[in-house]
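Per-entry structural report
Listed below are the residues making up each chain.
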Amino acid sequence: MTPEKRPAEDEEEQETKKLKEDPPLSANEGSAEASLLQDDTSQDSVASDTASSSDPEKKRLSIPEERGTVLFTGCAQWEYIGRRNLNSVPSLIHFVPKHISTFKGIKVAFVASHCTAAHSVIITEEGKAFTVGRNEKGQLGVGDSENRAGIVPVDSLSDFTIVQAAVGRNHTLFLTDRGTVFACGDNKSGQCGTGNTIAVINVPCRISFKESRITKVACGGEFSMIVDKKGYLYSFGLPEYGQLGHNTDGKFFLTSNKLAFQHERTPRRVPIFVERSKDGHPTPVTDVQIVDVACGANHTVAIDAKKRAFSWGFGGYGRLGHAEPKDEYVPRLIKYFDGHNRGVTKIYCGSTYTIGISLLGPFLWGQTKRTGEANMYPKPLQDLCGWDIRSVGCSTTSIVVAADESVIAWGPSPTYGELGLGENVKSSTQPKEVKSLEGAHVYQVTCGMGHTMLLVRDETEKDKEILSKLKEVTL
């Protein structure tokens, strides 16, 4: 097992010394490239309703059906959260869920963040994309890399219907209803999939992908995954721990004493899935059709149509669930869930851990604390057994769960309000209910670095009563 590169954000201060020869795109260059790409993908435009709906290749993807109110809890000090020089400003840390003033009266269909990210994407019921948070690598998609206060619309995608999004440490993917993907942000490892390693992409650019319609996107710290309508999985970006699933960590000698990585700059299909015997002998697993994928900082977990779970990438702290801390360079079947009535239906990844919702209940493997014991194989989350779990948000060490008519959260200190447990509750080692949302129907939750966003159904009188008691926040 190789030592894992820690996501201490101080390292980013030195990144300018490590960037590739390719210079960042200027705002004008980014706009020009985006314009060309948009012309090439005119079939994505909302004005292209003349396309034949009988053609399955042209059938639109749907925006998530449930719509509601978006809430925020956590730290909005985007430039400092996750860095050792964080000097907290009390007015920017919110310990209970609050309405986001920008979306007052606006229905939201989807939110996206990531355990390594200090930015998020919000998609409205009309399929319009908005971003908020850190922007030093152009990850907000607004045409520059300047700090942005508040929530901003992604204007370059205004002619498209966005149905889903994913974010990594400093990059963002947007999925349109026509099954194409636009990417922006940090691209020094090729994680935007645009065919190059231009350091910064300020305006969302289309990923060239002609194999099939894309139906799902996911991001790790510095890599990305896409799934097409055939259930094929493709990956691109940093291969350092085998997290791309191509049977390599991509290392090569740039000079006689300097290592570098062979980055994947465009989507490359993950060709094989295996199971290993007790002696380590690999056997190919056939008929794998991927239906969902999730990424941690440096590992990936996917589930297929037969509810089989596969994991690969960095193996430290047991996050892969194989009962050994070994890196895996190709997707490996998690044997614990292989059997009758043991399949996995949903999967979520934190930085160093994984949560799977199986037919036996919820399980966790890996490490959710900065020190101490790790679960080397899947173990039941006893406190959540019997709950109807709809969504899980995974931060660096914090976990927020939407289940039944409750929200349950826990995480060790330090936290920055992402648990939403109350003004005087800054951490919890045991799962606790978020009292301010007791009785509310939360249908999606996503966690970033020190912050959480929740989508609450606002149709019933009970929902409206609970929401009316919450305060507003301006991000």
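Residue positions within a chain follow its written sequence, with the count starting from 1. For a predicted model such as this one, the threshold for reporting local features is a pLDDT of at least 70, and the threshold for listing and counting side-chain atom pairs is 80 or more; totals across whole chains, interfaces and linings nevertheless cover every residue. Working from all heavy atoms in the structure, the side-chain values ignore hydrogens and water.

A closer look at the pattern of salt bridges
Put simply, a salt bridge is a Lys or Arg side-chain nitrogen that is within 4 Å of an Asp or Glu carboxyl oxygen. Under the criterion given, the structure shown has 22 salt bridges. Between Lys104 and Glu472 there is a salt bridge, and its shortest N-O distance comes to 3.8 Å. Residue Lys104 is found in the loop between strand S2 (93-100) and strand S3 (108-112), and its partner Glu472 is found in strand S33 (residues 472-473); the two are separated by 368 residues along the sequence. The rule is simple: take the accessible area with a 1.4 Å probe, protein chains only, and divide by the maximum for that residue type; under 20% is buried, over 50% is exposed, in between is partly exposed. Among the residues examined, Glu472 registers a relative accessible area of 43% and is labelled partly exposed. Here Arg308 makes a salt bridge to Asp304, at a shortest N to O gap of 2.8 Å. Asp304 sits in the buried class, given a relative accessible area of 2%. One salt-bridge network, held together by shared partners, links Arg276, Glu324, Lys326, Glu328 and Arg332. Put simply, DSSP H or I for four residues or longer makes a helix, DSSP E for two residues or longer makes a strand, and each gets a number counted from the N terminus.

Structural notes on the packing of aromatic side chains
Aromatic rings from Phe, Tyr and Trp, with only the six-membered ring used for Trp, were paired whenever their centres fell within 6.5 Å, and each pair was classed as stacked if the ring planes differed by under 30 degrees, edge-to-face if by over 60, and tilted otherwise. For the structure on display, the rule yields 11 aromatic pairs. Measuring from centroid to centroid gives 5.0 Å for Phe160 and Phe182, while their planes differ by 55°, and the two rings are tilted. Taken as a pair, Phe160 in the loop between strand S6 (152-153) and strand S7 (162-167) and Phe182 in strand S9 (residues 181-186) lie far apart in primary sequence, 22 residues in all. The class for Phe182 is buried, based on a relative accessible area of 2%. Ring geometry for Tyr336 and Phe337: centres 5.3 Å apart, planes at 80°, overall edge-to-face. Through successive ring pairs, a cluster of aromatic residues spans Tyr336, Phe337, Phe363 and Trp365. Here, over-ring charges are defined by two tests on the NZ atom of lysine or the CZ atom of arginine: distance to the ring centre within 6 Å, and angle to the ring normal within 35 degrees. Stacked on the ring of Tyr232, the Lys or Arg Arg269 has its end atom at 3.5 Å from the ring centre. The ring of Tyr336 carries the charged tip of Arg342 above its face, separated from the ring centre by 4.8 Å.

As for the sheet that holds S7
When DSSP finds two or more bridges between a pair of strands, those strands are recorded as paired. The strand order across the open sheet formed by four strands is S7-S8-S9-S10, and the pairing between neighbours is antiparallel. Edge positions in the sheet fall to S7 and strand S10 (200-206), since each of these pairs with one other strand and no more. Between one strand and the next, the sheet's axes are offset by a mean angle of 10°, whatever the strand orientation. Relative to S10, S9 is paired through four bridges, and the arrangement is antiparallel. Along S10, the bridge assignment pairs Gly185 with Ile201. The convention used is that axes are lines fitted to C-alpha atoms, helices contributing only their stretch in contact, and that angles between N-to-C directions extend from 0 to 180 degrees.

Some points on the sheet that holds strand S30 (residues 428-433)
Spatially, S27-S28-S29-S30 is the arrangement adopted by the four strands of the open sheet, whose pairing is antiparallel. Both edges of this open sheet fall to strand S27 (389-394) and S30, since each of them pairs with a single strand only. Neighbour to neighbour, the strand axes of the sheet diverge by 10° on average, direction disregarded. Of the pairings in the sheet, the one linking S27 to strand S28 (residues 399-403) comprises five bridges and is antiparallel in character.

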